[in-house]
Amino acid sequence: MYDPSQLRTFLAVAQTLSFTQAARRLGLRQSTVSQHVRRLEDATGRTLFTRDTHTVELTEDGEAMLGFARRILEVHEQASAFFTGTRLRGRLRFGASEDFVLTRLTEILEAFRHDHPEVDLELTVELSGTLHEQLDAGKLDLVLAKRRPEDPRGESVWHDRLVWIGAERLRLDPDRPVPLIVYPPPGISRALALEALERHGRAWRVACTSGSLNGLIAAARAGLGVMAHSRGLIPPGLVRVPERAGLPELGEVDFVLLHGPRHGSASQGDAAQALAQAILEGGDRLHRGR
């Protein structure tokens, strides 16, 4: 038997690729996180992570453990709810950024609806920046989105890098402005892309603007330009722009969960917490291809 607390710690490290961020998410000391991982590795007899002073990566056995850990914890939660007789109910307003349109977030939401049929789940899909604004205005209870650079709030679901992507056949002329495919303001990836180009003195022009991820993908596949996108969520049919194109580094990005002000009932807050836990434990499903 594998200890559920160790499995939760393993998932947190696997999703953030950081013992420090995992400790912060779980409210544990970093030494405790290391201890949990070491004990789980002892129990499996396998090395689950390769790590040095700068990076943490899953091994092949660690990748396999992701699915097992998630399923074990799901069954554990279902059994606990069954025998304690707790039934969540109420209205839950959940916002997810456009980044997750083509991921397996739907599987997490479907499982949540199955486990908590008396919760009225309302889903809003928008730009990360817009979701932050709606959360601050009290229009949403829980948000899954990119972290704003100036905002330290939020539980980290996973850490990634922003990269430039486009059609494989696309060639950029170094003497002409970079054609950009972007979300409208207040898109976070848009702001980071423009800041990076201006910081490096690279001219740019907007070739396409769309509030829909599908619209941006269509424009990129047509070869209209390049877009800034999470490395772990590159859509099919698009590739990273090679370094020889000379585009500047875009930096890192955190996808986080944020809770809104507690204006609703206690049951509404419990429902938001239950969905947040389901997303945190199933965060590896949000990476394309897993």
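The rules we used
- Residues numbered from 1 in each chain as written.
- Predicted model: local features only at pLDDT ≥ 70, side-chain atom pairs only at ≥ 80, totals over all residues.
- Heavy atoms only, no water.
- Core = buried A, V, L, I, M, F, W, Y, C linked by side-chain atoms within 4.5 Å.
- Buried < 20%, exposed > 50% of the residue type's maximum accessible area, 1.4 Å probe, protein only.
- Helix = DSSP H or I, 4+ residues; strand = E, 2+ residues; numbered from the N terminus.
- Contact = heavy atoms within 4.5 Å.
- Axes fitted to C-alpha atoms, helices over the stretch in contact; angles between N-to-C directions.
- Parallel < 35°, antiparallel > 145°, perpendicular 65-115°, else oblique.
- Left-handed = near helix turned anticlockwise from the far one by under 90°.
- Nonpolar A, V, L, I, M, F, W, Y, C, P; charged D, E, K, R; others polar.
- Lys, Arg positive; Asp, Glu negative; His and termini not counted.
- Salt bridge = Lys/Arg side-chain N within 4 Å of Asp/Glu carboxyl O.
- Polar contact = N/O pair within 3.5 Å; in protein donor to acceptor, adjacent residues only side chain to side chain.
- Expected span 1.5 Å × (residues − 1).
- Pairing = 2+ DSSP bridges.
- 1 Å grid on protein atoms, 1.4 Å probe; cavity = no way out; pocket = protein on both sides within 12 Å on 5 of 7 lines; lining within 4 Å.
- Points joined across faces, edges and corners; volume = space filled by probe spheres on them.

Asks: Looking at this model, I keep getting lost on the nonpolar core. Mind explaining?
Replies: Side chains of a nonpolar character, in soluble globular proteins, are inclined to be buried together. Among the nonpolar cores identified, the biggest contains 42 residues, and Phe94, Leu105, Leu144, Trp164, Ile279 and Leu286 are the most heavily contacted of them. Elements with a minimum of two residues in this core: strand E3 (90-97), helix H5 (105-115), strand E5 (142-146), strand E6 (155-166), strand E7 (178-182), helix H7 (188-199), strand E11 (252-259) and helix H9 (266-281). Contact partners of Phe94, with chain neighbours within four places excluded, come to Leu105, Leu109, Leu121, Glu122, Leu123, Thr124, Leu140, Leu142, Val143, Leu144, Leu275 and Ile279. Judged by nonpolar contacts, the second largest core, of 20 residues, contains Leu11, Ala23, Val37 and Leu40.

Asks: Explain the packing of helix H1 (residues 4-16) against helix H4 (residues 60-84) to me, please; I cannot follow it from the model alone.
Replies: Pairs of packed helices are described in terms of their axes, by the angle between the two and the distance that separates them. Running from N to C, H1 and H4 point in directions that differ by 130°, and their axes come no closer than 10 Å. With respect to their mutual orientation, H1 and H4 come out oblique. For H1 against H4, the interelement crossing comes out left-handed. Residues Pro4, Leu7, Arg8, Phe10, Leu11 and Ala14 of H1 form the contact with H4, whose own contacting residues are Gly62, Met65, Leu66, Ala69, Arg70, Ile72, Leu73, His76 and Glu77. In terms of residue class, the contact of H1 with H4 is made up of 10 nonpolar, 2 polar and 3 charged.

Asks: Before we go on, may I ask you to explain the side chain of Arg202 in this structure?
Replies: On the secondary structure map, Arg202 appears in the loop between H7 and strand E8 (204-209). One buried charge, Arg202, has no salt-bridge partner; the nearest side chain with opposite charge is Asp173, at 7.2 Å. A polar contact is formed between the side chain of Arg202 and the backbone oxygen of Gly246, at a distance of 3.3 Å. Filtering out sequence-adjacent residues up to four positions away, Arg202 remains in contact with Asp173, Pro174, Val178, Leu197, Ala245, Gly246 and Leu247.

Asks: Would you take a moment to explain helix H2 (residues 19-26) for this structure?
Replies: An α-helical turn contains 3.6 residues, so any two residues separated by three or four positions project in the same direction. Turning to H2, its buried residues number three or more, namely Phe19, Gln21, Ala22, Ala23 and Arg25. Regarding H2, its N-cap is Ser18, as a side-chain oxygen of that residue lies 3.3 Å from the backbone nitrogen of Thr20 further along. Downstream of H2 by a residue or two, Gly27 has a phi angle that is positive, lying close to 70°.

Asks: I'm lost on H1 in this one. Help?
Replies: When the terminal C-alpha atoms of H1 are compared, their 18 Å separation across 13 residues agrees well with the 18 Å that a helix rising 1.5 Å per residue should span. Among the 13 residues of H1, 10 are classified as buried, and the element is accordingly described as predominantly covered. Positive phi appears at Leu17, one or two residues downstream of H1, with a value of about 50°.

Asks: Any chance you could explain the pairing of strand E9 (residues 227-230) here in plain terms?
Replies: Side chains on a regular strand alternate between the two faces of the sheet. Side chains of E9 alternate between two faces, with Met227 and His229 and Ala228 and Ser230 buried alike. Across 4 bridges, E6 lies against E9 in antiparallel orientation. Across the sheet, Trp164 pairs through a bridge with Ala228, a residue of E9.

Asks: Mind showing me how you'd approach the environment of His132 here?
Replies: You can see His132 is positioned in helix H6 (residues 128-136). Residue His132 is classed as buried on the basis of its relative accessible area, which comes to 1%. Along the primary structure His132 and Ser210 are separated by 78 residues, whereas in three dimensions their C-alpha atoms are 19 Å apart.

Asks: Before we go on, may I ask you to explain the packing of H2 against helix H3 (residues 30-44) in this structure?
Replies: At their nearest, the axes of H2 and H3 sit 8 Å apart, and the two run at 105° to each other. For the element pair H2 / H3, the angle class is roughly perpendicular. For the pair formed by H2 and H3, the contact residues are Phe19, Thr20, Ala22 and Ala23 on the first element and Gln30, Val33, Ser34 and Val37 on the second. For the contact of H2 with H3, the class distribution of residues is 5 nonpolar, 3 polar and no charged.

Asks: Please explain the layout of surface pockets as it appears in this structure.
Replies: Unfilled space is identified by rolling a water-sized probe across the atoms. Approximately 750 Å³ is the volume attributed to the largest pocket. Along its surface, the largest pocket is lined by 27 residues, and Glu77, Gln78, Ala81, Asp115 and His116 are the ones closest to its centre. Counting only elements with at least two residues in the lining of the largest pocket, the list comes to H4, H5 and H9. Classifying every residue of the lining of the largest pocket gives 9 nonpolar, 10 polar and 8 charged. For the second largest pocket, the calculated volume is near 480 Å³. The wall of the second largest pocket is formed by 21 residues, among which Leu17, Val56, Glu57, His159 and Arg231 lie closest to the centre. For the lining of the second largest pocket, the secondary structure elements donating two or more residues are H1, strand E2 (56-58) and E6. Here the lining of the second largest pocket gets 4 residues from one element, more than from any other, and that element is E6. Taken together, the residues of the lining of the second largest pocket break down into 5 nonpolar, 9 polar and 7 charged.

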